[in-house]
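# Structural features, examined
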Amino acid sequence: MSGFEVKRVLLSVADKSGIVEFARQLAGLGAEIVSSGGTARAIRSAGVEVTATDDVTGAPEMLGGRVKTLHPQIHGGILADPDDPTHQADLRRFGIEGFQLVAANLYPFAHEPGIEQIDIGGVALLRAAAKNHEHVAAVSSPHQYAEVIEALRSGSLDREWRRRLAAEAFAYTARYDAAIARWFSPPEALADPLVITLRRRQRTRYGENPHQQGALYAPDRDGFRGSEALLLQGKPMSYNNYADVEAAVRLVADLEGAGCVIVKHANPCGVGVGTDPAEAFMRAWEGDPQSAFGGVVAFNCPVSAPVAERLAGVFVEVVAAPRMEKEAVAILSRKPALRVLETPPRRPTEWEVRSVGSDFLVQTPDHVVPIPSEWRVVSRVPPDARQLSDLRLAWTVAAHAKSNAVVICRDGRSVGVGAGDQSRVGAARRAISVAGDRARGAAAASDGFFPFTDGLDTLASMGVTAVVSPGGSVRDAEVIAAADQHRMALLFTGRRHFRH
């Protein structure tokens, strides 16, 4: 038992969800209810006795409601330490009564930004109560009402609980201030300071490895595409699952037509586009069946029963799609460990963040938009329509693979992906080793320029007939000459897509 007794409470909320019942239960526990403005009216209309704050302060609300609770009669009662003789002397001198619980939440600035939505009094109430948590409970969310009432009834609203409530209150006001600071910041992607507040959406069993801790966090204002995904069945998502789903969904969203992407260790190993998702999946799987085993599969279109039947015949960790048809879910339920996700449309983001020790690197997102009309044919041999289509797909996949990346595509599918290699020729060799004979007549893309002719020579040796790269090397002339020697179509985009 904590011995914590609530005799007098202050209720002043913008979100009035549950406040009437909360007030009724507090009154039932013998607490005097003091409230302001609309909160007081809502409580009074429900038949619960309430004292208005202007009766306590002796001053009416003013400035269109901007000033209601900013008064010593209110804040003196919240901030007073009952064990401090000086505080108690001041309370007696000015006729101030103490509060033991304050419930406040704030104007919805994050959803309706504007000057009049900047809360002043509510923030001050919560900060005052949280500062004095040794003697006052700071309640900052309607979700806390039920547990607070139960704790009061059981006598368990002890110091540690009040400290937790205080932490939640300060986090709440910090997020609120961050939203306001962002609104006032200059309209630039990389503002200074860059204010970010994160909420933990879910703990993962561990991080990348079992000896590491892991969790999924999301910015309050944007949410996180992964956290908004609906897990229809299967084991909880792991840290690595989230990373792989992000990589797969990011790439599949950039594909034209029905598309499927298979990712392993954050790199695409199979990509296919087709007339329907079943054809797209089979093309993606055939790209590299060995690497696809145990991978993450993502679609950019609904998954139907025929697709699910094919998925049920292979081993993958996760299947993600914008929508899973009812029949498909029933088929995939035969594999209860398989994680099946419905993923919402991707939201645009202003920036991407990664840690470098205790610091952070921030950048604007890389938008991959293949525009062949802006590509420059630098070889004597131009690409034909089929090659150009494969080049578009290869370029898109290469832009989403870890650098150095070289991707070979043919007939709407990837047939060889070399990614994350320390050298560009190494990436080309990896792509060729996977593609084998399928490289003959295929097209390839490189996420960066070819610094030497060896990468192009490697691709040509296995029959690749068209290549696209950013260009920009001091040896571009040599690379172009090599393409002409191999009678290969070579295009420069003028834009690279490194990914680390």
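What this report covers is the structure whose coordinates are included nearby. (Residues numbered from 1 in each chain as written. Predicted model: local features only at pLDDT ≥ 70, side-chain atom pairs only at ≥ 80, totals over all residues. Heavy atoms only, no water.)

## Quick word on the overall build of the protein chain
Applied cut-off: For helices the rule is a DSSP run of H or I covering at least 4 residues; for strands it is a run of E covering at least 2, with both sets numbered from the N terminus onward. Here the globule rule is a power law, 2.2 Å times the number of residues to the power 0.38, and the radius of gyration is based on C-alpha atoms. Exposure was quantified through the Shrake-Rupley algorithm and a 1.4 Å probe, taking into account, for residues, occlusion by the shown protein chains and nothing else. The charge count includes Lys and Arg as positive and Asp and Glu as negative, but it does not include His or the ends of the chains. A single reference atom marks each charge: NZ on Lys, CZ on Arg, CG on Asp, CD on Glu.
For the protein chain, the count of helices and strands is 18 helices and 21 strands. Relative to its length of 500 residues, the protein chain is extended, with a C-alpha radius of gyration of 31 Å against a globular reference of 23 Å. Each principal axis of the C-alpha distribution contributes one length, and for the protein chain these read about 95 × 50 × 40 Å. In the structure as shown, the protein chain presents an accessible area of about 24,000 Å², 51% of it carried by carbon and sulfur atoms. In the protein chain, 56 positive and 58 negative side-chain charges are present, and the distance between their average locations comes to 3 Å.

## So, a nonpolar patch on the surface
To be explicit about the condition: Patches here: salt-bridge-free residues with over 30% relative accessible area, like charges joined within 9 Å, nonpolar side chains (Val, Leu, Ile, Met, Phe, Trp, Tyr) joined within 5 Å. Salt bridge criterion: a side-chain nitrogen from Lys or Arg within 4 Å of a carboxyl oxygen from Asp or Glu.
Taken together, the side chains of Ile196, Leu198, Tyr217, Val353 and Phe360 make up a nonpolar region of the molecular surface, amounting to roughly 480 Å² of accessible area. In this structure, leucine 198 sits in strand S6 (residues 198–204).

## Observations concerning helix H5 (residues 85–94)
The periodicity of an α-helix, 3.6 residues per turn, causes residues three or four places apart in sequence to face the same way. Using the following cut-off: Counting of polar contacts relies on pairs of N or O atoms within 3.5 Å, with two restrictions inside protein: one atom must be capable of donating a hydrogen and the other of accepting it, and residues adjacent in sequence are counted only when both atoms are side-chain atoms.
For H5, the N-terminal capping position is held by aspartate 84, with its side-chain oxygen 2.8 Å away from the main-chain nitrogen of threonine 86. Of the residues one or two after H5, glycine 95 is the one with positive phi, at around 65 degrees.

## Remarks on the packing of aromatic side chains
So the rule is basically this: Aromatic pairs are defined between Phe, Tyr and Trp rings, using the six-membered ring for Trp, whenever the two ring centres lie within 6.5 Å; interplanar angles under 30 degrees are classed as stacked, those over 60 as edge-to-face, and all others as tilted. The buried label applies to any residue whose accessible area, calculated with a 1.4 Å probe on protein chains only, is under 20% of its type's maximum; exposed applies above 50%, and partly exposed to all values in between.
Applying the stated criterion across every chain yields a total of 6 aromatic pairs. Taking the centre distance of 5.1 Å and the plane angle of 80 degrees together, the rings of tryptophan 183 and phenylalanine 184 count as edge-to-face. The partly exposed category is assigned to tryptophan 183, whose relative accessible area is 39%. Geometrically, the ring pair formed by tryptophan 375 and tryptophan 395 is edge-to-face, given 6.1 Å between the ring centres and 70 degrees between the ring planes. Taken as a pair, tryptophan 375 in the loop between strand S15 (359–363) and strand S16 (376–377) and tryptophan 395 in helix H15 (residues 385–400) lie far apart in primary sequence, 20 residues in all. Considered together, tryptophan 375 and tryptophan 395 belong to a single accessibility category, that of buried residues.

## As for the packing of helix H4 (residues 72–79) against helix H6 (residues 121–131)
Quick reminder of the rule: Axis lines are fitted through C-alpha atoms, for helices just across the contact stretch, and the angle between N-to-C directions can take any value from 0 to 180 degrees. Geometric relationships in this document are graded by angle, where less than 35 degrees denotes roughly parallel, more than 145 denotes roughly antiparallel, 65 to 115 denotes roughly perpendicular, and other angles denote oblique. Whether two residues are in contact is decided by their heavy atoms, any of which lying within 4.5 Å being enough.
At a closest axis distance of 8 Å, the pairing of H4 and H6 adopts a crossing angle of 25 degrees. Here H6 runs roughly parallel to H4, going by the angle between their axes. Facing Ile74, His75, Ile78 and Leu79 of H4, the residues of H6 in contact are Ala124, Leu125, Ala128, Ala129 and Lys131.

## With respect to the pattern of salt bridges
One pass over the structure, following the stated rule, counts 19 salt bridges. With a closest N to O distance of 3.1 Å, glutamate 168 and arginine 164 form a salt bridge. Here the residue glutamate 168 and the residue arginine 164 both occupy positions in helix H8 (residues 159–184), the gap between them amounting to 4 residues, near one helical turn. Residue class for glutamate 168 comes out partly exposed when judged on its relative accessible area of 29%.

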